[in-house]
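Examination of the molecular architecture
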Amino acid sequence: MLSLDFLDDVRRMNKRQLYYQVLNFGMIVSSALMIWKGLMVMTGSESPIVVVLSGSMEPAFHRGDLLFLTNRIEDPIRVGEIVVFRIEGREIPIVHRVLKIHEKFMVQHRSCSVRCCAPTPSLFRNETPLSAPLGVFVFSQTLQNGDIKFLTKGDNNAVDDRGLYKRGQHWLEKKDVVGRARGFVPYIGIVTILMNDYPKFKYAVLFLLGLFVLVHRE
């Protein structure tokens, strides 16, 4: 059997060869971590690559699809966008589509003393004159203060996600977002699902991979 051949190779290795292979394995793990950290910096997402674990987003995404995410602060969240988000009390992030956006605005009032009898529209951009004593004009300006909340829903679900949010929560905020889907590879993440569903399979795969690296001499 293949595993028995691996064990024979390990027994034939001297200590120096074994130390070298262990060091080689450590370098591979370190390189993988450095690549992951680099992807985090480039994409702005704490998890730049995720696997779809359920069928709630079919037919857009299927179980086992691998998603590539970005999460840049300057990118606004839009209706119809597919986002990956975390919910308090749930360990695994959820991949769903933005259904609605709730934006909070504030109104700022400013006064201006002028000699003319009518307000000059070019004084302030996007402002509306309000009633005031003669010679004094008060303008109201609507400003977006960056407080944006949104509601999500799975394409294959009958209702929105309010039933998934924590008790009393009706909207998600930008801080809940792990990333926005920018691309995907179909079904390539099915191995990850098998490893999550069957822990013994996961340990067997990790054991064989580690053993292969240790005995591989080239």
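So, how was this worked out
- Residues numbered from 1 in each chain as written.
- Predicted model: local features only at pLDDT ≥ 70, side-chain atom pairs only at ≥ 80, totals over all residues.
- Heavy atoms only, no water.
- Helix = DSSP H or I, 4+ residues; strand = E, 2+ residues; numbered from the N terminus.
- Buried < 20%, exposed > 50% of the residue type's maximum accessible area, 1.4 Å probe, protein only.
- Contact = heavy atoms within 4.5 Å.
- Areas by Shrake-Rupley, 256 points an atom, 1.4 Å probe, with all protein chains shown as cover.
- Patch = residues over 30% accessible without salt bridge, like charges linked within 9 Å, V, L, I, M, F, W, Y side chains within 5 Å.
- Salt bridge = Lys/Arg side-chain N within 4 Å of Asp/Glu carboxyl O.
- Polar contact = N/O pair within 3.5 Å; in protein donor to acceptor, adjacent residues only side chain to side chain.
- pLDDT = per-residue confidence, 0-100.
- Pairing = 2+ DSSP bridges.
- Phe/Tyr/Trp six-rings, centres within 6.5 Å; stacked < 30°, edge-to-face > 60°.
- Lys NZ or Arg CZ within 6 Å of the ring centre and 35° of its normal.

1. A few points about the overall build of the chain
What the chain contains, in helices and strands, is four helices and eight strands. Secondary structure elements of the chain occur, N-terminal to C-terminal, as α-α-β-β-β-β-β-β-β-β-α-α. Counting all 218 residues of the chain, 28% fall into the buried class. Residue pairs in contact within the chain that sit at least 24 positions apart in sequence constitute 62% of those at least 6 positions apart. Total accessible area on the chain stands at roughly 14800 Å², and carbon and sulfur atoms take up 61% of it.

2. A few points about a nonpolar patch on the surface
Taken together, the side chains of Ile190, Val191, Leu194, Tyr198 and Phe201 present a nonpolar region at the surface, about 430 Å² in accessible area. Ranked by residues supplied to the nonpolar patch, first place goes to helix 3 (residues 190-197) with three residues. When you line up the elements, Val191 lands in helix 3.

3. Let's talk about the side chain of Gln169
Turning to its location among the elements, Gln169 is positioned in the loop between strand 6 (136-153) and strand 7 (172-173). There is a polar contact of 2.9 Å between the side chain of Gln169 and the backbone oxygen of Trp171.

4. What about the confidence of the model for the chain?
For the chain, the average pLDDT comes to 79, and 71% of its residues sit at 70 or higher. The spread of mean pLDDT over the elements of the chain runs between strand 5 (residues 127-130), the lowest at 44, and strand 3 (residues 82-85), the highest at 97. Every residue in residues 113-145 scores below 50 in pLDDT, and together they form 64 contacts with partners more than four places removed in sequence or on other chains.

5. A word on unusual backbone geometry
One can expect most non-glycine residues to show negative phi and most peptide bonds to be in trans. A cis amide bond, omega 10°, links Glu58 with the succeeding residue Pro59. The backbone phi angle of Tyr187 is positive, close to 65°, even though this residue is not glycine. Note that Tyr187 resides in the loop between strand 8 (177-185) and helix 3.

6. Some details on the environment of Phe201
Inspection of the secondary structure assignment puts Phe201 in helix 4 (residues 199-215). Remark: the alpha-carbon pair of Phe201 and Val191, spanning 10 residues in sequence, is separated by 9.7 Å. If sequence neighbours within four positions are ignored, Phe201 has contacts with Val191, Leu194 and Met195.

7. Re the pairing of strand 2 (residues 66-70)
In terms of burial, strand 2 is a largely internal element, four of the five residues being buried. Sheet topology note: the strand 1 (residues 49-51)/strand 2 ladder contains three bridges and is antiparallel. The residue bridging Val50 from the neighbouring strand is Leu67, located in strand 2. Examined bridge by bridge, strand 2 and strand 8 share five bridges and lie antiparallel to one another. Considered in strand 8, the bridge of Leu69 is made with Ala181.

8. Examining the packing of aromatic side chains
One pass over the full model with this rule turns up two aromatic pairs. Judged by centre distance (6.5 Å) and plane angle (80°), the rings of Phe85 and Tyr165 are edge-to-face. Here the residue Phe85 occupies a position in strand 3, and Tyr165 occupies one in the loop between strand 6 and strand 7, the gap between them amounting to 80 residues. According to the relative accessible area criterion, Tyr165 is buried, its value standing at 5%. The cationic tip of Arg162 hangs over the ring face of Trp171; the distance from NZ or CZ to the ring centre is 5.0 Å.

9. Brief notes about the pairing of strand 3
Alternating positions in strand 3 separate into two faces, Ile82 and Val84 on one and Val83 and Phe85 on the other, with burial throughout. Of the strand pairs in this sheet, strand 3 and strand 8 are connected by three bridges, and their pairing is antiparallel. Within strand 8, the position partnered with Phe85 by the bridge is Val177.

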